[in-house]
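The lines below spell out each chain.
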Amino acid sequence: MTTTPAPETPAPADHTPGPGAQTPTPSGQTPAPSGRSPAPHRIGEGARGHAADLSRRLWFTAPVVTVVVALSMVPALQFGYWQWVVAILSLPVVTWAAWPFHRAAFTAGRHGSTTMDTLVSLGVVVTSVWSWWALLFGGAGRWGATMDMPLVPALPWFLDPNSGAHQIGAMSHGGADIYFEGACTIVLFLLLGRRMEAKARWNAGDALRSLLEMGAKHATLVHIDPATGERSQREVPAEQLQVGDLFLVRPGEKVATDSIVVEGDSALDASLLTGESVPVDVTVGDRVTGATMNTWGTLLLRAERVGAETTLAQIGRLVTEAQAGKAPVQRLADRISGVFVPVVMAISLVTLVAWLALGGSVQSSVTAAVAVLVVACPCALGLATPTALLVGSGRAARSGILITSAEVLEQTRRVDTIVLDKTGTVTSGRMALESVRVAGSPRDDSLGPSLGDEGGAGDRVHSGARAHEHPSDSAGARDNAREDSLLALAAGVEALSEHPVARAVVAGANSRGVTPAQVQAFTNHAGLGVSALHTGPEGSELVLVGRASWLVDAGVSIPSDLREELDRAEADGASAVVLAVVPAWQDRADTDPADAIAPSHVGGVDALVAAPPVAVVEMDVQGMTCASCVRRVERKLGKVEGVSATVNLATESARITLTREVSNADLEAVVDAAGYRGRVLTRTGTGAEGKANLEGPAGGAIFAGTDPVQESPAAGKVWPSAAGAPASACPSVRARDLSGRLGSARAGAVLVVRDTVKPTSAAAVRELERLGVTPVMLTGDNRRAARAVGDEVGIDRVIAEVLPADKARVVADLQEQGHVVAMVGDGVNDAAALAQAGRAGLGMAMGSGTDVARQVADITLVNSELTSAAAAIRISRATLRTIKQNLFWAFAYNVAMIPLAMLGMLNPMIASAAMAFSSVFVVLNSLRLRAAS
Amino acid sequence: MAIDRTVVLDVNGMTCGHCVASVTEELEDVKGVLNVEVILNSGATSKVTVVTDQGVDDAALREAVAEAGFELAGIHRDF
């Protein structure tokens, strides 16, 4: 690996990161003390150096060989002792210029093996030695000797009726022939071929290089004075960024390195990296990847990984390793060479002996023997695999397909079954609002599959929701209006929740043009649902959104039509939440402060609204294995005064809300004491510590580690509230007391959310079938849900209700049935199955998936589209096909030319030219892969 | 001096060492609890043996188990 030393610059004393910066990165890696990391490896650098070396030898050889050939072939130019000039000119060519071949032949010979270089080296040495012998002792060195070099080979004398009349390259004086021009042209053409190969390697790496070199070159480092909170900026080279550094990315700039958003909102265009065309929204706490393009907002980021640790550098390494790998087909070529070369040497010897035995002259016998050696040189064979492999994997990388090993190509040929994990692979893995069913209204069939209309005399929504109804003549319009108003309420509450279902509801409302209602005093009932107060025309009403079982337990009655909707949704694999509105609600704390759960918040809803959290902390929590671990971490943190936490098992993270100042170290200590590993990632605050550093009315501060950062005037952005939510309506830190108070409440609506099928999945399935690969969908979901998705994308074979641990078993079963299986998955639970598939077939990981999945997979699909799986198979097969074409032509060429050479119908120069052409052909054939689709 | 008593609790829903730690800590926090021992039986009912002094009633133990996030399926008091 080439490492370029980082430019020497004065130590960045003026932006020394705060103590927070020394916090180990989430992966547990502490940044290297120097903070400097080697410059990313440049793909193809070795090939470029090799090409440069070959070029040097070539530029020297070309004019020399031109003179040698001209003198040898044009008798008019031949003066007295011209042959000596040729001999001396050829010396550096056959030694220095041909040195790469001699060295390789010698290296192989020392290990008792022969390679194509053995043939080349042998050909050059034999030709030169023979010519020197002829010159010194064979009479070819006489003054005035000339040579005639016909380009059209004559028949050997034993086939020629005019026997003995003419021999190839015969010295007109009748003495021994000299072949210096032959030796020189072999070297020239071979150097040309090798240089083309090196250039092809270098060119093949273009796509990868552009991938790796697309990172930002500069970064705007932000320094925040810990005492005054003043910010200063300066421009630094991107590679100088260290873990923990804060840096600014303005619209139109590239993100310098993998980092976390500390401040600001924007959307990042990752199309260069992933091929996805839609920019991804990011906000405080989100992780962003280096080299993505910032679209509209200015972001303050904290560097999380730098140098060789970045995603971009890792991708580069993966590809480099893959290209260094040897395909089985390459080993095959080497094996063939190992046999081929000795056989050719034997044929050459036999030719020599046969010619001599048949009475040929020593010169013509040696000529034929040397021609055999030269023409058989299987350098095209050696080029066949690497050029195709390089061009093919470069082509794949341009489509966002990273092939991690060369063996993969061989395996794709045989793949006949592809197992697709449903969630995150066939589907997006993200929830989307499918339907809203209002109590007492006909089923909304515009959104979901039709299962019949059972409208009729349903329950009316209760007064709280009815207040939002728009009177209308049309029942349908009234239903729609009621639906919208209830959806607005649900979205208003859910906007304050981080739950995937909540996000789906809010996104669903937005896409239907429904503005989320303004709510206050939000409470998250962890694992159950959410509640908040809404001021309706009839006063304060409590809006509850959550699991049906939670609401039923709390005393809410669910009308029969909504129950049916719930059952249907569940049977179908969708998720459903129930909305209930309780009119004229007052939180108990309003009337009875003694009931307040958190004594520091006595004063009820108003006090709650007036007392926003001091800070929100995003924490990485490792070591959790089950739902009770989640509860344990939440409870442990909740026991600290002024702290409440929501823990997510899947992302191994905790969102901690502080209503009084608690240090990062204390929070980490609590989690560590519970037996887990907690590390604070970000801290966003509005509290005392921040206010101390605030001058203006901005009303917020961002904590970067423990460095307070002055907030921009957009105070609303300090608190990561969702769209449409007032800044004051912060999530509460305590549970609302619902006990025994919902007896009269009724559910108003059922909201069904479902994981959506990726738009490209159906096309990908068709493409896979066209490639002769049978798709099989695998999922832990129930049969009906799986069947529904399978039907939507056109997969006949669906294996449902598979436990994560059994996924590998399913793959193994298919393998036992004789299938060569490719598996596509993205999650930790797919890793075993991916590895199992990789044993005899292919494992493909979705780029959006976990690191584990990507580590065990043979192929990573960076853009997370199933169409890439088909493209990966297609490109791999095209590459393999090209390799085989190359091998065939290399062999066909050798097989065709050897007999001609044996008969002496090729002179060494033409043989070497033809041989060089075979290499060029192979390279050109490989380069066609660049246009493969 | 109070005489120690042993109570055996049947607890549902415990799956891992962290669950054991949760239940143990919650029970140990109950005033009067002297010792807690858990036999984890993942996927089925786990046995929790609690040594208490006389002042501890079932409700306090039930509450502690609930606080830890699990369901108390039964209490066997051994006098």
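Residues numbered from 1 in each chain as written. Chains lettered and ligands numbered in written order. Predicted model: local features only at pLDDT ≥ 70, side-chain atom pairs only at ≥ 80, totals over all residues. Heavy atoms only, no water.

Visitor: Outline the overall build of chain B, listing residues and values.
Guide: Secondary structure summary: chain B contains two helices and four strands in total. For chain B, the N- to C-terminal ordering of α and β elements is β-α-β-β-α-β. Counting over 79 residues, chain B shows a buried share of 39%. Long-range pairs, those at least 24 residues apart, make up 67% of the contacts in chain B between residues at least 6 apart in sequence. (Helix = DSSP H or I, 4+ residues; strand = E, 2+ residues; numbered from the N terminus. Buried < 20%, exposed > 50% of the residue type's maximum accessible area, 1.4 Å probe, protein only. Contact = heavy atoms within 4.5 Å.)

Visitor: Describe in detail the overall build of chain A, supporting the description with residues and values.
Guide: Scanning chain A from N- to C-terminus turns up 30 helices and 28 strands. Split into buried and exposed, the 933 residues of chain A put 55% on the buried side. When contacts within chain A are restricted to residue pairs at least 6 apart in sequence, those whose partners lie at least 24 apart make up 71%. Accessible surface, chain A as shown: approximately 37500 Å² in total, 59% of it carbon and sulfur. (Areas by Shrake-Rupley, 256 points an atom, 1.4 Å probe, with all protein chains shown as cover.)

Visitor: Before we move on, could you go through the sheet that holds strand S11 (residues 417–421) of chain A and cite the residues and values that matter?
Guide: All names here are of chain A. Spatial strand order, S10-S28-S27-S26-S11-S24-S25: seven strands in an open sheet with mixed pairing. Edge positions in the sheet fall to strand S10 (401–403) and strand S25 (797–799), since each of these pairs with one other strand and no more. Within the sheet, the average angular offset between the axes of one strand and its neighbour, ignoring direction, is 20 degrees. Where S11 meets strand S24 (residues 774–778), five bridges bridge the pair, whose relative direction is parallel. Looking across to S24, one finds that Thr 417 is bridged to Thr 774. Docked against the sheet, helix H26 (residues 807–816) engages S11, S24, S25 and strand S26 (821–825), running at close to 160 degrees with respect to S26. (Pairing = 2+ DSSP bridges. Axes fitted to C-alpha atoms, helices over the stretch in contact; angles between N-to-C directions.)

Visitor: With reference to specific residues and values, describe helix H2 (residues 82–97) of chain A.
Guide: Residue and element names in this part refer to chain A. Between its first and last C-alpha atoms H2 spans 22 Å; for 16 residues at 1.5 Å apiece the expected length is 22 Å, and the two agree. When the local axis directions of H2 are compared, the greatest deviation, roughly 30 degrees, occurs at Ser 90, which is followed within four positions by the proline Pro 92. What H2 keeps buried is the set Trp 82, Gln 83, Val 86, Ala 87, Ser 90, Val 93, Val 94 and Ala 97. (Expected span 1.5 Å × (residues − 1). Bend = angle between axes of the 7 residues up to and from the residue.)

Visitor: Now, about the packing of H2 of chain A against helix H3 (residues 99–110) of chain A: what can you tell me, with residues and values included?
Guide: Residue and element names in this part refer to chain A. Two elements in contact, H2 and H3, have axes whose closest approach is 5 Å; the angle formed by their N-to-C orientations is 45 degrees. By the angle between their axes, H2 is oblique relative to H3. Facing H2, whose interface residues are Val 94, Thr 95, Trp 96 and Ala 97, H3 presents Trp 99, Pro 100, Phe 101 and His 102. Looking at the contact of H2 with H3 residue by residue, the classes come out as six nonpolar, two polar and no charged. (Parallel < 35°, antiparallel > 145°, perpendicular 65-115°, else oblique. Nonpolar A, V, L, I, M, F, W, Y, C, P; charged D, E, K, R; others polar.)

Visitor: Tell me about the pattern of salt bridges, and name the residues and values.
Guide: Two side chains that carry opposite charge are able to pair once their charged atoms sit near each other. Residue and element names in this part refer to chain A. Scanning all chains against the criterion turns up 20 salt bridges over all chains. Between Arg 287 and Glu 304 there is a salt bridge whose closest N-O contact spans 2.9 Å. Of the two residues, Arg 287 sits in strand S7 (residues 287–288) while Glu 304 sits in the loop between strand S9 (299–303) and helix H8 (311–324), which places them 17 residues apart along the sequence. Across the salt bridge formed by Arg 787 and Asp 791, the nearest N and O atoms sit 3.0 Å from each other. In this pair, Arg 787 and Asp 791 are both assigned in helix H25 (residues 783–793), four residues apart and thus about one turn of the helix distant. Residue classification places Arg 787 among the partly exposed positions, given a relative accessible area of 31%. Look at the salt bridges and you will find they share partners, linking Asp 53, Arg 56 and Arg 57 into a network. (Salt bridge = Lys/Arg side-chain N within 4 Å of Asp/Glu carboxyl O.)

Visitor: How would you summarise the interface of chain A and chain B if you had to cite specific residues and measurements?
Guide: The accessible area lost on association of the parts is a frequent measure of interface size. With 13 residues of chain A in contact, the opposing surface of chain B contributes 13 residues. For the pair chain A and chain B, the two sides together bury roughly 900 Å², of which 37% comes from carbon and sulfur. Area buried by chain A at its contact with chain B is led by Arg 631, Arg 632 and Arg 635 of chain A, which between them contribute 48% of it. Applying the counting criterion to the chain A and chain B interface returns three salt bridges. One salt bridge connects Asp 29 of chain B with Lys 639 of chain A, and the closest N-O pair in it is separated by 3.7 Å. Of the residues belonging to the side of chain A that touches chain B, the class tally is four nonpolar, four polar and five charged. (Buried area = accessible area lost by both parts, 1.4 Å probe.)

Visitor: A description of the packing of aromatic side chains should follow, citing residues and the corresponding values.
Guide: Residues and elements named next belong to chain A. Going through the model one piece at a time under the given rule, you end up with four aromatic pairs over all chains. Pairing Trp 132 with Phe 180 gives two aromatic rings, centres 5.5 Å apart and planes at 75 degrees, and the pair type is edge-to-face. Pair noted here: Trp 132 is in helix H4 (residues 116–136) and Phe 180 is in helix H5 (residues 180–204), with a separation of 48 residues, a long-range link. For Phe 180, a relative accessible area of 0% corresponds to the buried category. Ring centres of Trp 889 and Phe 921 lie 5.6 Å apart, and the angle between their planes is 70 degrees; this geometry places the pair in the edge-to-face category. One end of the pair, Trp 889, is in helix H29 (residues 866–902); the other, Phe 921, is in helix H30 (residues 908–927), and 32 residues separate them in sequence. According to the relative accessible area criterion, Phe 921 is partly exposed, its value standing at 31%. Aromatic rings pair up to connect Phe 888, Trp 889 and Phe 921 into one cluster. Of note, Arg 57 hangs over the ring of Trp 96, and the distance from its end group to the ring centre comes to 5.0 Å. (Phe/Tyr/Trp six-rings, centres within 6.5 Å; stacked < 30°, edge-to-face > 60°. Lys NZ or Arg CZ within 6 Å of the ring centre and 35° of its normal.)

Visitor: A description of the pairing of S26 of chain A should follow, citing residues and the corresponding values.
Guide: Residues and elements named next belong to chain A. For S26, the buried fraction is high: five of the five residues fall into the buried class. Neither face of S26 is left uncovered, since the one carrying Val 821, Met 823 and Gly 825 and the one carrying Ala 822 and Val 824 both have all their residues buried. As paired elements, S11 and S26 share four bridges and run parallel to each other. The partner of Val 419 across the bridge, within S26, is Met 823. Examined bridge by bridge, S26 and strand S27 (residues 842–846) share four bridges and lie parallel to one another.

Visitor: Quick one: what's the story with the confidence of the model for chain A, residue by residue and with numbers?
Guide: Scored by pLDDT, chain A has a mean of 70; 67% of the residues are at 70 or more. Every residue in residues 1–41 of chain A scores below 50 in pLDDT, and together they form 53 contacts with partners more than four places removed in sequence or on other chains. (pLDDT = per-residue confidence, 0-100.)

Visitor: Before we move on, could you go through the sheet that holds strand S5 (residues 266–269) of chain A and cite the residues and values that matter?
Guide: In sheet architecture, strand pairing relies on hydrogen bonds along the backbone and comes in two forms, parallel and antiparallel. Residue and element names in this part refer to chain A. Taken together, three strands build an open sheet; the order of strands is S6-S5-S8 and the sheet is antiparallel. The open sheet terminates on both sides in strands that have one partner only, identified here as strand S6 (280–282) and strand S8 (293–294). Of the pairings in the sheet, the one linking S5 to S8 comprises two bridges and is antiparallel in character. Looking at S8, one finds that Leu 268 is bridged to Asn 294.

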